[in-house]
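Structure at a glance
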Amino acid sequence: MVPSDWDHDQQLFYFSVMALLFYLFSVCWTVPLKCLAYEASSDSHERTKLMGFVTYFLKFASIFYHWLFPIAQLSIFGGIVIGIQYVGWGVALIFIGLMAMIPAIFIKERPYAPSKIQQKMPLLQNIKGVTKTKNMKILLGLLFLQLTLGGFAASMDYYVLVYHMSGGDVGIGATWKGLLSTSYALVGIIAIPIVIHASKRFGKVNTMKSIYILTAIGGALKWSIYQPGSEWFLVVDALFCSSIWVGIGVIVSAMIADQIDHDEDVNNVRREGIFVSLQSWIISIAGAIAVISSGFTLNLIGFEALQGAAQKDTSILMMRIILVAGTVVSALAGYGLISQYTQVKRTY
């Protein structure tokens, strides 16, 4: 909603302040919501199904989300700035304002017997108790790795689509980006029940290993897929690489919930708030690192948006290398991490 007549520094300051406020207040919503989701079931397999159910909504939302910019460019709005404002108000009032209130109104918290009520523990003591376990370090490491290196690599697909495959035409590139994101979401929706079934049959660790192998293969294929004239092959990218995001959302989240129960069994404390807060903190920090890194890297490799299609060959080459290598390396590193995970079961 920043006024278009403000200079660059004023716009940047406005955006920075509003982004900080948004993410600050969004944490106040996401942390208790995840806590409620994690405590909705004490059965490991049922919990995986629950995380899959939640992921359905994330995937459906992502279909809409990635078309927001193309929608804002429609001629009915009379300009991109006005279009973004109308689209932004729609998202704010309907999807954030209205739909985000539904859980607060209808979800019931799991009651605890008087014997389960525990004394308050210092925050740092709680954090130390949670992070000292090897399994939790591995799970947080998986999140950090995928959202930093994997997210950093994925951020390059838009620039490759626009400046390598679409000749610098932002409108065409954004449309193909919308198609790519829609493909990721649709394939992800199809993958959710498959991942849940595989998790129950082969175990969470083995399922994640298979997902990482599939992602590494898909990362290598990106070199051939992201070529001019191969736009419709973007669907192949989604077929190979969308399952990693399903795995992070469904399996890793369920594994964190398993650790919450294991922590309760071992230490006789219930501190899902600390687990979820650490998870949210890692997600926020990793996302910030990925965004900052992508911007810094674009400048470092000589990218100039004003030059349109006339980008340096080395800049385009580096974008493609980052897109491929970042995906492959993050997948292989994730495979190595998950291989160190020790399965846990409830003691009752």
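Residues numbered from 1 in each chain as written. Predicted model: local features only at pLDDT ≥ 70, side-chain atom pairs only at ≥ 80, totals over all residues. Heavy atoms only, no water.

Looking now at helix α4 (residues 80-98). For an α-helix the count is 3.6 residues per turn, leaving residues at separations of three or four pointing the same way. For α4, spanning 19 residues, the distance from its first C-alpha to its last is 25 Å, which sits close to the expected 27 Å at 1.5 Å a residue. At A92, α4 shows its maximal bend, which comes to roughly 25°. (Helix = DSSP H or I, 4+ residues; strand = E, 2+ residues; numbered from the N terminus. Expected span 1.5 Å × (residues − 1). Bend = angle between axes of the 7 residues up to and from the residue.)

Attention shifts here to the packing of aromatic side chains. Per the stated rule, a full pass over the model turns up 9 aromatic pairs. Centre to centre, the rings of Y159 and F303 are 5.4 Å apart; their planes meet at 75°, and the pair counts as edge-to-face. Taken together, the positions of Y159 in helix α8 (residues 156-165) and F303 in the loop between α13 (272-300) and α14 (313-338) put the pair 144 residues apart, joining distant regions of the chain. Judged by its relative accessible area of 22%, Y159 is partly exposed. By relative accessible area, F303 is classed as buried at 10%. Taking 5.2 Å as the distance between ring centres and 90° as the angle between the ring planes, the aromatic pair formed by W176 and W232 counts as edge-to-face. One end of the pair, W176, is in helix α9 (residues 170-202); the other, W232, is in the loop between α10 (204-225) and α11 (234-241), with 56 residues separating them in the sequence. By the ring-pair criterion, three or more aromatic residues cluster together here, those being Y158, Y159, Y163 and F303. Directly above the aromatic system of W223 lies the positively charged group of R320, at a separation of 3.8 Å from the ring centroid. (Phe/Tyr/Trp six-rings, centres within 6.5 Å; stacked < 30°, edge-to-face > 60°. Buried < 20%, exposed > 50% of the residue type's maximum accessible area, 1.4 Å probe, protein only. Lys NZ or Arg CZ within 6 Å of the ring centre and 35° of its normal.)

What follows concerns the side chain of D258. Residue position: D258 is located in helix α12 (residues 243-267). Accessibility expressed as a relative area gives 10% for D258, which makes it buried. Engagement of the side chain of D258 in a polar contact is seen with the side chain of R47, the distance being 2.6 Å. (Polar contact = N/O pair within 3.5 Å; in protein donor to acceptor, adjacent residues only side chain to side chain.)

This paragraph deals with the packing of helix α1 (residues 8-38) against α13. Contact geometry of α1 with α13 gives a least axis separation of 9 Å together with a crossing angle of 125°. One element, α1, and the other, α13, form an angle in the oblique class. Where α1 crosses over α13, the handedness of that crossing is right-handed. Here T30, V31, K34, C35 and Y38 of α1 lie close against α13, whose contacting residues are E272, G273, V276, S277, Q279, S280 and I283. Taken together, the residues of the contact of α1 with α13 break down into 5 nonpolar, 5 polar and 2 charged. (Axes fitted to C-alpha atoms, helices over the stretch in contact; angles between N-to-C directions. Parallel < 35°, antiparallel > 145°, perpendicular 65-115°, else oblique. Left-handed = near helix turned anticlockwise from the far one by under 90°. Contact = heavy atoms within 4.5 Å. Nonpolar A, V, L, I, M, F, W, Y, C, P; charged D, E, K, R; others polar.)

This next bit is on the nonpolar core. In this structure, M208, Y212, V252, I256 and I338 are the most contacted members of the largest nonpolar core, which totals 39 residues. The set of elements that each furnish at least two residues to this core consists of α1, α7 (134-154), α9, α10, α12, α13 and α14. Among the elements that line this core, the one with the most residues is α12, at 11 residues. The contacts of V252, once residues within four sequence positions are left out, are L139, L142, L143, M208 and G247. In this structure, Y163, Y226, L298 and I301 belong to the second largest nonpolar core, which totals 24 residues. (Core = buried A, V, L, I, M, F, W, Y, C linked by side-chain atoms within 4.5 Å.)

Each packed pair of helices is defined by two parameters, the angle between the axes and the distance between the axes. At a closest axis distance of 10 Å, the pairing of α12 and α13 adopts a crossing angle of 150°. The two elements α12 and α13 cross, and the hand of that crossing is right-handed. For the pair formed by α12 and α13, the contact residues are S253, I256, Q259, I260 and D263 on the first element and E272, F275 and Q279 on the second. Split by residue class, the contact of α12 with α13 holds 3 nonpolar, 3 polar and 2 charged.

Looking at where Y341 falls in the secondary structure, it is placed in the segment after α14. When the C-alpha atoms of Y341 and L180 are compared, they prove to be 33 Å apart, with 161 residues separating the residues in sequence. Setting aside residues up to four positions removed in sequence, Y341 forms contacts with N135, I138, L139, V205, M255 and Q259. Here Q259 takes part through its side chain, which lies 2.9 Å from a polar atom of the side chain of Y341.

A few words on the environment of K134. Relative to the elements of secondary structure, K134 occurs in helix α7. On the basis of relative accessible area, K134 is assigned to the partly exposed category, the value being 46%. Filtering out sequence-adjacent residues up to four positions away, K134 remains in contact with Q340 and T342. A distance of 2.9 Å separates the side chain of K134 from the backbone oxygen of Q340, its partner in a polar contact. One polar contact links K134 to T342, side chain to side chain, over a distance of 3.2 Å.

Glancing now at the pattern of salt bridges. Taken as a whole and judged by the stated rule, the model has 6 salt bridges. K177 serves as the salt-bridge partner of D157, at 2.9 Å between the closest nitrogen and oxygen. Here the residue D157 occupies a position in helix α8, and K177 occupies one in helix α9, the gap between them amounting to 20 residues. In terms of burial, D157 and K177 fall into one category: buried. (Salt bridge = Lys/Arg side-chain N within 4 Å of Asp/Glu carboxyl O.)

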